[in-house]
Amino acid sequence: MSVLHLTVFLGLFSFNLALDNGLALTPPMGWLTWQRFRCITDCVKYPNECISEALIKRTADRMVDEGYLKAGYNYVGIDDCWLEKERDVHGNLVPDRQRFPNGMKAVADYLHDRGFKFALYQDYGTKTCMGYPGVLGHEAGDINSFVKWDVDYIKLDGCFIDTAKMDEGYPYFGKLLNDSGRPIVYSCSWPAYQKEPNYASIAKHCNLWRNWDDIQDSWGSLSSIMTWFAEHQDEFTKYAGPGQWNDPDMLLIGNFGLSLDQAKVQMAVWSILAAPLLMSVDLDTIRQEFKEILLNRDIINIDQDSLGKPGSRVWNQSKCEIWNRKLADESYALAFVNRRDDGAPYSVKVSFDSMKIPKQAYEVNDLYKEEMDRSFGPTGEFETRINPSGVKFYKFIPKKFNEIDVKT
Ligand code: GLA
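What this report covers is the structure whose coordinates are included nearby. Residue indices follow the written sequence of each chain, beginning from 1 at its first position. Local features in this predicted model are restricted to residues of pLDDT 70 or higher, and side-chain atom pairs are both shown and tallied only at a pLDDT of 80 or more, whereas totals for entire chains, interfaces and linings draw on every residue. Hydrogen atoms and water are omitted, and side-chain values are computed over all heavy atoms in the structure.

Here the focus is the environment of H138. With respect to the helices and strands, the residue H138 is situated in the loop between β3 (117–123) and α6 (139–148). A sequence separation of 215 residues divides H138 from D353, and the C-alpha atoms of the two residues are 54 Å apart. By definition, residues are in contact when any of their heavy atoms lie within 4.5 Å. Setting aside residues up to four positions removed in sequence, H138 forms contacts with R87 and G91. Among the polar contacts made by the side chain of H138, one reaches the side chain of R87 at a distance of 3.5 Å. Put simply, DSSP marks the helices as runs of H or I at least four residues long and the strands as runs of E at least two long, and each gets a number from the N terminus on. By the criterion applied in these results, polar contacts are pairs of N or O atoms within 3.5 Å in which, for protein atoms, one can donate a hydrogen and the other can accept it, and in which residues neighboring in sequence qualify only through two side-chain atoms.

Working definition: a ring pair exists when centres of Phe, Tyr or Trp rings (six-membered ring for Trp) sit within 6.5 Å. Plane angles under 30 degrees give stacked, over 60 give edge-to-face, the rest tilted. Per the stated rule, a full pass over the model turns up 26 aromatic pairs. Ring geometry for Y68 against Y73: centres 6.2 Å apart, planes inclined by 70 degrees, an arrangement best described as edge-to-face. When accessible area is computed with a 1.4 Å probe and restricted to protein chains, residues below 20% of their type maximum are described as buried, those above 50% as exposed, and intermediate ones as partly exposed. By relative accessible area, Y68 is classed as buried at 0%. Ring pairs connect the aromatic residues F336, F352, Y362, F376, F382, Y394 and F396, which therefore count as one cluster. Note on criteria: charge over ring means Lys NZ or Arg CZ within 6 Å of the ring centre, with the direction from the centre no more than 35 degrees off the ring normal. Above the plane of the ring of Y110 lies R114, whose end atom (NZ or CZ) is 3.4 Å from the centre. Between R340 and the ring centre of Y346, over which it is positioned, the NZ or CZ distance is 3.9 Å.

Our next topic: the nonpolar core. Residues Y73 and M267 are the most contacted members of the largest nonpolar core, which totals 94 residues. The dominant element in this core, judged by the number of residues it contributes, is helix α9 (residues 219–236), at 8 residues. Residue-level mapping places this core at the junction of two domains, with at least three residues from each of domain 1 (21–303) and domain 2 (312–398). When near neighbours in sequence (up to four residues on either side) are disregarded, M267 contacts Y73, L251, I253, L277, I293, L294, I299, I300 and Y368. Counting residues in each nonpolar core, the second largest holds 18 residues, with I322, F336, Y362 and F396 among its members. Nonpolar cores were defined as sets of buried Ala, Val, Leu, Ile, Met, Phe, Trp, Tyr and Cys residues, with membership established by side-chain atoms within 4.5 Å. For every domain, the bounds stem from an assignment made automatically or drawn from a database.

Here we come to the site of the ligand. We define proximity as follows: a residue is near a molecule or strand when any one of its heavy atoms falls within 4 Å of that partner. The environment of the ligand is formed by W34, D79, D80, Y121, C129, M130, K155, D157, R210, D214 and M250. Within the side chain of D80, an N or O atom sits 2.7 Å from an oxygen atom of the ligand. K155 places a polar side-chain atom, nitrogen or oxygen, 2.8 Å from an oxygen atom of the ligand. Computed with the Shrake-Rupley method and a 1.4 Å probe, the accessible areas treat only the protein chains shown as cover for residues. Alone, the ligand offers 310 Å² of accessible surface; in the complex the protein occludes 92% of this. If you map the ligand onto the pockets, it falls in the second largest pocket. In this count, Pro and Cys sit with the nonpolar residues alongside Ala, Val, Leu, Ile, Met, Phe, Trp and Tyr, while Asp, Glu, Lys and Arg are called charged and the others, Gly among them, polar. Of the residues assigned to the shell around the ligand, the class counts are 5 nonpolar, no polar and 6 charged. Here a cavity means grid points, on a 1 Å grid over the protein atoms only, where a 1.4 Å probe fits yet cannot get out; a pocket means an open set of points with protein on both sides within 12 Å along at least five of seven lines; lining residues are those with an atom within 4 Å of a point. Think of it this way: a molecule belongs to a cavity or pocket when more than half its atoms come within 2 Å of the grid points there.

Encoded structure:
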């Protein structure tokens, strides 16, 4: 059997074991309401912030006009707080009548007409985390509603349900989604609620899954998520790949809590983790420098790399870290993160072994374009200087591959 045949054969084999919807072959990218807009429902007091059709439409318009859609951010999603507090007399979910006066199909149409896909939040329990009706006991009927509304992505949260029931409940809901005939990305919050999640099963039934705590708008929160992911990476990194992704939660970039350097850290580490890139920010007021981070094509390409193999933290000393991801073209994305807060930029000098890359000659490109490109290797140590709570993010491209590129 040739290498090609073997790859195709193995590909088919693993595909059969996974959620059979052919979606999310690279980590989903888009925009979601929660992190920035939470459960703001008072449109009189906060007309530009309340969870509403108007917010979705103006965000979609911005995403088209300012290049986010073109850069790959193609899901637009409504998180919690879109519902009426009660189902209708037939037991159907009802979108808030004031804030979604034309219903959800109208929202979907608006998005689809502009080239987006429509993401919507629900919860597997009796109620959503903010107390709106959940799907439990109404699973099939609610999926009917999602299909009628042309929903393309469901984030299924896990409040108000016994966590022991999730191991059966999430696969059951996933099967109903599959059986609906509409391709719907299935985002599960299942492991975030459990102490010892069964990742083999989660990866089989979900396109992406929230592993841990909610992200909040601060460096402390972002930092704790990075630590948690690094300390638990061996439990779940191996389950990710095309169609199945770990989800460290939304991007904070452009909001209130992160400095510019800290925002660069999140974008770099998320792309190493092959994380979904879900912005949650007011695109009318975002500052240019944050927008540039979100639209950095080189970094988006790392996140979306076709090999689909997430990276991990490979080195951790004196509060500095190296995160490494191998890419389809045999190059490496290396993020040097400084978690120190003692003032001046901090220098690190590290070996090939510390970086976990093969000993060879590289061209090294700074993905944030703060430094000139440079050569490194095949011997010696790599030195770089990182701002406090900042990152240096490089692509290490093996030289021999460059030369081959030039000849062909
Ligand atoms: C949970 C989730 C968040 C968000 C809220 C909505 O906390 O983890 O991402 O969806 O619920 O209530």
